[in-house]
Amino acid sequence: MPAETIRELAEFIAIPSVSPDPARAEDVLRAADWVVDRIRAAGGEGERIDWHGQPLVVGEIRASQDADAAPTVLCYGHFDVQPAEPLDLWETDPFVLTEKDEWLYARGVADDKAQLYMLLRAASDLALAGELPVNVRFACDGEEELGGHSIVEWLEQDERGADAGVVFDSSMLSRGVPAFNVACRGLCYFEVKVRTGDRDLHSGMYGAAALNACNVLTQILGKVLPTDGELPEALRKGIVPPSEAELASWAQLEPGAEMLAAQGARPSDPRAAEQFYLRVWAQPSFDVNGLYGGTTFLGKTVLPVEAGAYVSTRLAPGQTIEEIVPELSRLIERAEPEDAAAEVILGPSIVPGLVDGNAPAVQLALDAFEKTIGARPLLVRSGGSIAMVPALSSRGIPVVVTGFDLPEGNIHSPNERLLKDYLPLGIETAKELFRSWAGLRR
């Protein structure tokens, strides 16, 4: 591996751009400036902008020949990192890039500084050699680890767009087994509040005669929770089923029973293990994330007058917030007793995203990865919510979400690490990706 590559990445890693720590706000800005400097050093134009209080980096390295007619690629990555604590569990200094055995250790080396660097370095190398065949735009943020939406808001107002998008902020399924995330679920987070009277009551004097808010809440939730893995039909509207190509890819993955066992989890019903990937990637879910009401100490035997739950539903690709939220509200309304008052408060929401795996940009990307890695990426989905996927897809921009992390990369944990050989491999793969997209046209 060239010493210059390690030196440059070490500079980036050394900036402790911990966005969740307000004391590191200046370091987040320094990391943004580092990205800007890298774009400019490649002959591109870049700037750090303040987007409603959050730093974004926006820049472009133009194609070496006939840039006005060349396709445009939009690259996303984030330059902020998670806190390194607890420091005593680290075997190396978290902000000093350290080579140890076959790994590179540092906070942010897998999530996401080294992966963003792969894209930057690939575009830079090609541009400085006069061989960059596409216009490479960069749109990066410093609040990904805070769950911020500034980059999505910027994309919604960006008039130029792109012919393809790429995000290196994911992982391989295992060594030598790359994957493309072609879909992700959306998220709706709610608080459900129940009130059943004026005040708490003595359970001996009024039990079985007066409404109990905790009882009512559990009755309501019971009407929404899945039965044998199936949600009420009202919450399944709009689902887009996986393609045959996706199902074929999933059949090659680790069995669902082993995935659950590895996490110390138990199947939710007899079919859960068999349907693991279908459920977590292609179907909606409804989960109770927290409950409150009454008391859990000193044996205080009352009928609580107030109770509540924090719940979330993951929307499957094809579903919309506008359709599912009213359906959930109606289910809860129908389940509440006549004299109880239930309130549904919608919190943060993210729409699901879906990318056509047959899109030319995706097919060309599959070829590019297979050429450099020696294995064709599997088409998988994310059970979580990735705001960038729907943000780009809604603009008609096919996006490849992939990466060179590994399941044992320890992201968000002490001793975060990236396989040393994957740094140059990622750079070469990004170069081949840019070359493969030279023939794209909107």
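Refer to the preceding data block for the structure.
What you are looking at is a predicted structure, and each value in this text was computed from that prediction instead of being measured.

Peer 1: Would you explain helix 1 (residues 3-13) in this entry?
Peer 2: It helps to recall that an α-helix has 3.6 residues per turn; residues three or four apart then point in one direction. Of the residues making up helix 1, those classed as buried are Thr5, Ile6, Glu8, Leu9, Phe12 and Ile13. Down the axis of helix 1, the buried set is contained in an arc of 165 degrees. They therefore lie on one face. On its buried side, helix 1 packs onto helix 2 (25-41), strand 4 (98-100), strand 5 (103-105), helix 3 (113-128) and helix 13 (422-436).

Peer 1: For this particular structure, what's the right way to read the packing of aromatic side chains?
Peer 2: In this description, a pair of aromatic rings is defined by centroid distance and the angle of the planes. Using the criterion set out here, one finds 12 aromatic pairs in the structure. Measuring from ring centre to ring centre gives 5.0 Å for Phe180 and Phe369, while their planes differ by 90 degrees; the resulting arrangement is edge-to-face. Here Phe180 is found in strand 8 (residues 179-184), whereas its partner Phe369 is found in helix 11 (residues 360-373), with 189 residues between them in sequence. As far as burial versus exposure is concerned, Phe180 and Phe369 are alike and both buried. Chaining the aromatic ring pairs together yields one cluster made of Phe168, Phe180, Phe369, Phe404 and Tyr422. Above the plane of the ring of Tyr105 lies Lys100, whose end atom (NZ or CZ) is 5.7 Å from the centre. In this structure, Arg417 is placed above the aromatic ring of Trp103, and the distance from its NZ or CZ to the ring centre is 3.9 Å.

Peer 1: How should I be thinking about the pairing of strand 6 (residues 135-141) in this particular structure?
Peer 2: Note on strand geometry: in a regular strand, side chains alternate between the two faces of the sheet. Most of strand 6 sits out of view: 7 of its 7 residues are buried. Every second residue of strand 6 is oriented toward a common face, with Asn135, Arg137, Ala139 and Asp141 on one face and Val136, Phe138 and Cys140 on the other, all of them buried. For strand 3 (residues 72-78) and strand 6, the ladder comprises 7 bridges, and the chain directions are parallel. Along strand 6, the bridge assignment pairs Tyr76 with Ala139.

Peer 1: Explain unusual backbone geometry here, please?
Peer 2: Generally, phi is negative for residues other than glycine and the peptide bonds are trans, each holding for most cases. Cis peptide bonds are those with omega within 30 degrees of zero, and the linkage from Glu85 to Pro86 qualifies with 0 degrees. Within the secondary structure, Pro86 sits in the loop between strand 3 and strand 4. The residue after Asp111, namely Asp112, is reached through a cis peptide bond having omega 5 degrees. You will see that His52, though not glycine, has its phi angle at about 50 degrees, which is positive. The residue His52 is located in the loop between strand 1 (45-51) and strand 2 (54-61) in this model. Exposure remark for His52: the relative accessible area of 66% places this residue in the exposed category. Phi at Asp228 is positive, roughly 50 degrees, even though this residue is not glycine. Considering the arrangement of structural elements, one finds Asp228 in the loop between helix 6 (213-222) and helix 7 (244-250). The class for Asp228 is exposed, based on a relative accessible area of 53%.

Peer 1: For this particular structure, what's the right way to read the nonpolar core?
Peer 2: Counting residues in each nonpolar core, the largest one holds 88 residues, and the members touching the most others are Phe138, Phe434 and Trp437. No other element matches helix 3, which puts 10 residues into this core. With residues near it in sequence (within four places) discarded, Trp437 still touches Pro71, Val73, Val134, Ala164, Gly165, Val166, Ala361, Leu364, Ala365 and Val400. In terms of nonpolar packing, the next biggest core, distinct from the first, is built from 26 residues, Val192, Phe286, Ala307 and Leu328 among them.

Peer 1: Help me understand the packing of helix 1 against helix 2, please; the structure alone is not making it clear to me.
Peer 2: Working note: a packed helix pair is described by the angle between its axes plus the distance between those axes. At a minimum axis distance of 9 Å, the contact between helix 1 and helix 2 shows a crossing angle of 150 degrees. As summarised for this structure, helix 1 and helix 2 are arranged roughly antiparallel, according to the angle between their axes. Residues Glu8, Glu11 and Phe12 of helix 1 pack against Ala31, Trp34, Val35 and Arg38 of helix 2.

Conventions we followed
Residues numbered from 1 in each chain as written. Predicted model: local features only at pLDDT ≥ 70, side-chain atom pairs only at ≥ 80, totals over all residues. Heavy atoms only, no water. Buried < 20%, exposed > 50% of the residue type's maximum accessible area, 1.4 Å probe, protein only. Helix = DSSP H or I, 4+ residues; strand = E, 2+ residues; numbered from the N terminus. Arc of directions from axis to C-beta. Contact = heavy atoms within 4.5 Å. Phe/Tyr/Trp six-rings, centres within 6.5 Å; stacked < 30°, edge-to-face > 60°. Lys NZ or Arg CZ within 6 Å of the ring centre and 35° of its normal. Pairing = 2+ DSSP bridges. Core = buried A, V, L, I, M, F, W, Y, C linked by side-chain atoms within 4.5 Å. Axes fitted to C-alpha atoms, helices over the stretch in contact; angles between N-to-C directions. Parallel < 35°, antiparallel > 145°, perpendicular 65-115°, else oblique.

Purely geometric numbers; function is a separate question.
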